[in-house]
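# Observations on the model geometry
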Amino acid sequence: MDIREELGRRIIFFDGGLGSLLQERGLKPGELPETWNLTKPEVLYDIHRAYLDAGADIILANTFGANGFKYDNLEEIVTAAVKNAKKAVADSGRKAYVALDMGPTGKLLKPMGTLDFEECVSVYADVVRYGVNAGADLILIETMSDTYELKAAVLAAKENSDLPVVATVVFDEHHKMLTGATPEVVVAMLEGLRVDAIGMNCGLGPKQMKPIFEIMARYASIPLVITPNAGLPRSENGKTVYDVGPEEFAEDMEELINMGAWMAGGCCGTTPSHIKALTERCSGISPKPLTGKDYTIVTSYSTAVELGGRPVIIGERINPTGKSKFKQALRDNNMEYILEEGVKQADSGAHILDVNVGLPEIDEPAMMRRTVYELQSVLPLPLQIDTTDPVAMEQAMRIYNGKPMINSVNGKEEIMRQIFPLVQKYGGTVVGLALDEAGIPDTTEGRLAVAKKIYDTAAEYGIKPKDIVIDALTMTMSTDNNSANITLDTVREIKAHGGRTVLGVSNISFGLPQREVINSGFFLMAMQAGLSAGIINPNARAMIQAYDTYCVLGGFDSQCMSYIEKYAVAEPTPVAQTVTSVKQAGKTVTGNLSLTDCIVKGLKEQAYKATKEELGTKDTMEIINGELVPALDIVGKGFEKGTVFLPQLLMSAEAAKAGFEAIKEYVSSQGTNQEKKATIVIATVKGDIHDIGKNIVKVLLENYGYDVIDLGKDVPPETVVDKVIETHAPLVGLSALMTTTVVSMEETIKKLHESAPWCKIMVGGAVLTQEYADMIGADFYGKDAMQSVYYAEELLNPAK
Amino acid sequence: MIIDRKEALRYMGFGRNNPDERTLDMMEECIREAEKVMQPRNVYRRFRLKVDENDNISAGGLTFYSKNLAKNLTGCGEIIFFAATLGNGVDMLMNRYNKLSIAKAAVLQGVGAAAIEAYCNECQRALEEELKEEGLFLRPRFSPGYGDLPLTIQGEFLDVLAAYKTVGIILSDGGVMLPEKSVTAVMGISGENSRCHIEGCEICGKKDCAYRR
């Protein structure tokens with residue numbers, strides 16, 4: 001019988017702690033516990049038996065840390081673990097289940113670490129396949145501290161088995177996972193991934209778990225699991241001890257079960273006596289019936305945004321439509337430009353960012369994947385994946401860390417059949433456009449009929465109404481006098497039926513002058529009509545003012561605190577402020593500064609302006625060689641002499657970069673291309689993920705006119721070699737921070753010498769010295785970033 | 001926790017020199033942003049300590065050699081293994097500015113380094129208070145990579161502390177701690193109050209270090 005059929009009929013009990021019991025029986029510190037599956041199966045059998053005798057319905061096979069990173073004989077280890085547990089069940093004469101237990105891999109995923117998401121999925125997939133073959137009855141994914149690793153494990157479980165999947169995570173006293181996720185985030189993401197039960201384990205005792213469990217219970221519509229430690233750990237004579245005894249544990253657990261836990265057990269510090277006390281006290285409790293919760297939630301890996309209460313701002317700026325600079329950035333693979341658009345909107349008050357990178361001439365799935373990944377590595381905002389390409393949609397949804405918003409489906413049968421299965425698999429909240437094969441209905445009734453069709457079709461895929469957000473469609477005012485009324489009526493009707501709505505607001509004013517006047521007014525009316533989310537330009541001051549106004553008047557800004565904080569200053573702070581542009585100390589700078597001064601003083605915006613002004617009167621080369629480069633030289637020399645320090649050098653570098661940006665814009669507006677000096681390939685070597693030094697070198701080299709190809713961090717030797725051969729670059733720069741990673745630097749150099757003998761190699765990084773650099777065969781050692789510039793100039797631009 | 005501005009500037013390479021107003025503004029901005037995303041956590045365990053005449057140190061199931069640390073531990077009967085981190089949020093922030101403003105990334109590095117030091121000092125003071133009740137005293141914090149204590153011991157310290165599970169510190173294949181702004185250290189416990197400073201460069205053999213005081 002499947003455990004799923006028993007869920008909700010009675011409380012199901014898990015077993016308790018294993019690690020400390022193994023230690024009592026002689027497991028040494030540092031010894032891998034899973035090896036005992038083969039060497040001491042009788043010990044595991046005994047422990048399993050003890051838990052079964054204590055009343056556990058599910059026992060965990062000893063596979064918590066078993067994965068391909070740790071074991072060459074993984075199959076043998078997993079198979080033995082499941083067999084030991086199954087034998088214990090068989091001999092106990094009880095009806096009980098064996099769970100394949102999967103914990104963290106022990107590695108950190110990108111972007112924070114080095115493990116690739118798909119590699120993580122495949123590492124778990126091996127464990128799942130072996131566990132299934134050995135006869136496991138369900139899969140328990142537990143003690144997870146990172147939502148991304150959790151998602152990889154769930155996908156592996158679901159893609160390689162039909163077994164029930166239970167997932168539990170660790171929260172700390174601040175109600176957060178290590179990677180920052182709140183209980184709302186975890187519930188939304190795991191429900192989206194459609195696991196069978198969710199909950200929390202480890203980290204805390206039952207008492208500390210209570211307030212967190214309360215939040216989970218408030219949001220979850222699926223069964224809940226709770227397996228706490230026996231209290232908080234305490235160190236006594238070098239040993240970790242837990243203070244909550246069996247009776248107290250059972251008493252606390254009774255409360256949690258009454259709050260809605262359907263499955264309960266113990267983690268660290270709990271013993272068969274704890275589980276015995278638990279089952280004796282709680283087996284008679286009938287499970288609290290499940291209730292469907294009506295919260296519409298989208299999340300990133302750390303942040304949940306709810307639609308349906310205070311209106312939500314979805315930033316629309318990551319979209320190439322009508323933006324030639326954005327299109328160029330996509331063609332050039334210029335991620336920096338896109339990320340700046342994201343950060344700027346976040347700073348302006350966006351809650352969710354729409355991401356649209358569709359351009360006919362680019363590989364949209366690859367670009368979408370990369371953009372989502374990169375945005376998630378710099379911002380905690382949830383994203384709305386906006387594409388008409390189902391392949392791009394699926395790939396982005398797969399690697400997305402959290403529960404995304406999906407833009408979009410509409411009433412067309414074909415589209416819904418494409419997108420809903422993806423939502424069924426990966427989770428998400430879907431925007432449904434109120435149009436279909438027949439076009440855009442020009443009545444409210446027509447749009448509501450399409451909305452109903454979308455809700456109904458979604459239901460076939462198990463997608464609840466709360467995860468549908470209807471786009472009531474903003475039509476241009478200038479073509480139909482009644483456009484706004486129809487749209488607003490649709491919003492009102494959907495809201496009255498308990499639904500959620502979204503609008504792309506700015507379309508209303510298409511073709512009209514001073515569009516923001518109309519847009520902000522319409523936005524205000526739409527919010528008043530009950531709009532859940534507006535897709536707007538958060539950098540437009542009037543839009544944000546309309547939003548802030550509504551929040552105050554609509555009662556969403558308690559005691560007007562947010563409003564006062566933002567508007568109490570005499571001059572309202574400009575909404576659009578580039579985060580990267582550092583607050584310039586305007587007070588110290590007065591009068592007109594020359595371009596050289598702007599760069600030496602590190603004034604980015606002024607440098608850009610000064611360059612623009614000079615472009616009217618001077619030749620570009622004159623500006624570059626007469627001002628930009630000499631200014632950089634002044635700062636560079638000062639840095640060497642010890643009168644200019646790193647932050648100052650870099651502020652100047654950024655100011656110069658802004659100057660070059662102005663020149664680049666000018667040159668491309670003239671229809672010509674600026675010539676670049678030689679190509680230089682740079683990389684932080686394999687195993688190393690500290691790349692700030694390399695990034696500094698990159699900015700400086702670019703300022704001196706080099707075409708820098710930055711391969712990033714943790715770069716395998718082969719990738720460097722391939723790129724050098726492909727571009728025939730005359731110079732490579734490699735960085736490494738740790739003694740441990742200098743080894744891969746040496747290997748990269750060796751391979752470059754073999755396959756690209758023309759290429760010179762410069763190296764830098766905290767642990768390197770001239771001696772060390774010589775030893776590993778580098779051509780040049782740069783003790784700081786300026787040295788690498790001087791070397792490049794000497795080598796590649798000797799005329800100067 | 002109060003971040004020591006002077007320390008942050010030292011990590012940025014200013015040494016004893018005075019920074020300009022722009023750097024100071026940027027530093028304050030970075031501190032504000034970092035404070036918003038920091039999730040400092042620490043974990044420690046206390047073990048009985050044995051140091052033999054050849055400077056081999058045994059505690060918590062580990063045995064390792066370090067002459068400098070052995071000297072630091074003279075007269076100690078116990079030792080604390082300690083790890084602390086500012087959490088992933090600061091890494092994310094550094095990630096952001098690494099891509100968008102290299103000047104700010106450099107300043108944030110200094111701020112992050114000063115912040116984790118400040119946090120460690122705070123934890124250490126709390127430990128000192130606790131030990132005082134037992135009539136015991138704490139020796140200065142001593143980290144792998146400092147003096148002749150090899151950096152490679154870090155992984156073993158982290159294992160003993162179950163540092164991933166407890167505070168989220170993981171060692172990459174390249175031997176780098178993640179989150180980046182993390183510290184591991186040991187501290188001796190002794191019955192005598194040998195007046196010791198909390199931090200210091202003096203004992204370290206790396207005399208050419210750019211950050212040496």
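Residues numbered from 1 in each chain as written. Chains lettered and ligands numbered in written order. Predicted model: local features only at pLDDT ≥ 70, side-chain atom pairs only at ≥ 80, totals over all residues. Heavy atoms only, no water.

### Notes on helix H6 (residues 117-134) of chain A
Quick reminder: α-helices carry 3.6 residues per turn. Residues three or four places apart thus point the same way. All names here are of chain A. Which entries qualify depends on this criterion: Put simply, DSSP marks the helices as runs of H or I at least four residues long and the strands as runs of E at least two long, and each gets a number from the N terminus on. To estimate the expected span of a helix, count its residues, drop one, and scale the result by 1.5 Å. Here, two residues are considered to be in contact whenever any of their heavy atoms come within 4.5 Å of each other. Definition of a polar contact: a pair of N or O atoms within 3.5 Å, with one able to donate and the other able to accept a hydrogen when the atoms are protein atoms, and with sequence-neighbouring residues admitted only if both atoms are side-chain atoms.
Here H6 is 18 residues long and its end C-alpha atoms lie 26 Å apart, about the 26 Å a rise of 1.5 Å per residue gives. On the buried face of H6, the contacting elements are helix H5 (74-92), strand S3 (97-102), strand S4 (138-144), helix H7 (147-160) and helix H15 (390-399). By the N-cap criterion, in which a side-chain oxygen at the helix start approaches the backbone nitrogen of a residue two or three places on, H6 is capped by Asp 116, the distance to Glu 118 being 3.2 Å. A positive phi of about 105° marks Gly 135, the residue just after H6.

### What about the pairing of strand S5 (residues 165-169) of chain A?
Residue and element names in this part refer to chain A. Stated precisely, the cut-off is as follows: Relative accessibility under 20% of the residue-type maximum defines a buried residue, over 50% an exposed one, and the middle range a partly exposed one, all with a 1.4 Å probe and only protein chains included. The crossover handedness rule: strands pointing away from the viewer, path from first strand over the helix to second strand clockwise, crossover right-handed. Strand pairing is assigned whenever DSSP detects at least two bridges linking the two strands.
Extensive coverage of S5 is indicated by the burial of 5 of its 5 residues. For the crossover from S4 across H7 to S5, the handedness is right-handed. Sheet topology note: the S5/strand S6 (residues 197-201) ladder contains 4 bridges and is parallel. Bridge pairing in S6 links Val 169 to Met 200. A crossover links S5 with its parallel partner S6, the connecting element being helix H8 (residues 183-192), and its sense is right-handed.

### Examining the side chain of Glu191(A)
Residues and elements named next belong to chain A. The residue Glu 191 is located in helix H8 in this model. According to the relative accessible area criterion, Glu 191 is buried, its value standing at 18%. Among residues more than four places away in sequence, those in contact with Glu 191 are Tyr 219, Ala 220, Ser 221, Ile 222 and Lys 466.

### Thoughts on the interface of chain B and chain A
Spelled out, the test is: The term buried area means the drop in 1.4 Å probe accessible area that two parts suffer when joined, counted for both and summed. By definition here, a salt bridge exists when the distance from a side-chain nitrogen of Lys or Arg to a carboxyl oxygen of Asp or Glu is within 4 Å.
At the junction of the two partners, chain B supplies 47 residues and chain A supplies 66 residues. Buried area between chain B and chain A, summed over both chains or domains, comes out near 5,000 Å², and the portion from carbon and sulfur atoms is 60%. The largest contributions to the chain B side of the interface with chain A come from Arg22(B), Leu100(B) and Ile102(B), which together make up 15% of the buried area. Joining chain B to chain A, the criterion identifies 3 salt bridges.

### Looking at the pattern of salt bridges
Residues and elements named next belong to chain A. One pass over the full model with this rule turns up 58 salt bridges over all chains. Put simply, Glu 255 and Lys 210 hold a salt bridge, and the shortest N to O gap is 2.6 Å. Taken together, the residues span a long stretch of sequence, with Glu 255 in helix H10 (residues 246-258) and Lys 210 in helix H9 (residues 206-219) at a distance of 45 residues. Judged by its relative accessible area of 37%, Glu 255 falls in the partly exposed class. Salt bridges sharing partners connect three or more residues here, namely Glu 6, Arg 10, Asp 57, Arg 94 and Lys 95.

### Remarks on the domain arrangement of chain A
What counts here: Domain start and stop positions are those given by an automatic or database domain assignment.
One can read the domain layout of chain A as domain 1 (11-282), domain 2 (312-389), domain 3 (586-669) and domain 4 (679-796). Using only C-alpha atoms to locate each centre, domain 1 of chain A and domain 2 of chain A end up separated by 38 Å.

### Side note on the confidence of the model for chain A
Counted only if it meets this: Per residue, pLDDT measures the predictor's confidence, with a range of 0 to 100.
Averaged over every residue, the pLDDT of chain A is 93; residues scoring 70 or more account for 96%. Contacts of residues 575-590 of chain A to residues separated by more than four positions or lying in other chains number 35 contacts, the stretch itself having pLDDT below 50.

### Brief notes about the sheet that holds strand S3 (residues 56-59) of chain B
Note: strands within a sheet are paired through backbone hydrogen bonds, in either parallel or antiparallel orientation. Residues and elements named next belong to chain B. Pairing is antiparallel across the open sheet formed by 3 strands, whose spatial order is S2-S3-S4. The outermost strands of the open sheet, each flanked by one partner alone, are strand S2 (50-51) and strand S4 (62-65). Bridge count for S2 against S3 is 2 bridges, and the pairing is antiparallel. Bridge assignment links Val 51 to a residue of S3, and that residue is Ile 57.

### Thoughts on the packing of aromatic side chains
Geometrically, a pair of aromatic rings is defined through the distance of the ring centres and the angle of the planes. The line we're drawing: Side-chain rings of Phe, Tyr and Trp (the six-membered ring for Trp) are treated as a pair once their centres are within 6.5 Å; stacked means planes under 30 degrees apart, edge-to-face means over 60, and tilted covers the remaining angles. Charge over a ring is defined by NZ of Lys or CZ of Arg lying within 6 Å of the ring centre and within 35 degrees of the ring normal.
By the definition in use, this model includes 13 aromatic pairs over all chains. Measuring from ring centre to ring centre gives 5.8 Å for Phe326(A) and Tyr337(A), while their planes differ by 80°; the resulting arrangement is edge-to-face. In this pair, Phe326(A) sits in helix H12 (residues 324-331) while Tyr337(A) sits in helix H13 (residues 335-348), placing the two residues 11 residues apart along the sequence. Overall, Phe326(A) belongs to the buried group, its relative accessible area being 0%. For Tyr337(A), a relative accessible area of 21% corresponds to the partly exposed category. Taken together, the aromatic side chains of Phe47(B), Phe64(B), Phe81(B) and Phe157(B) make up a single cluster linked through ring pairs. Geometry around Trp36(A) places Lys40(A) over its ring, the cationic atom sitting 4.4 Å from the centre.

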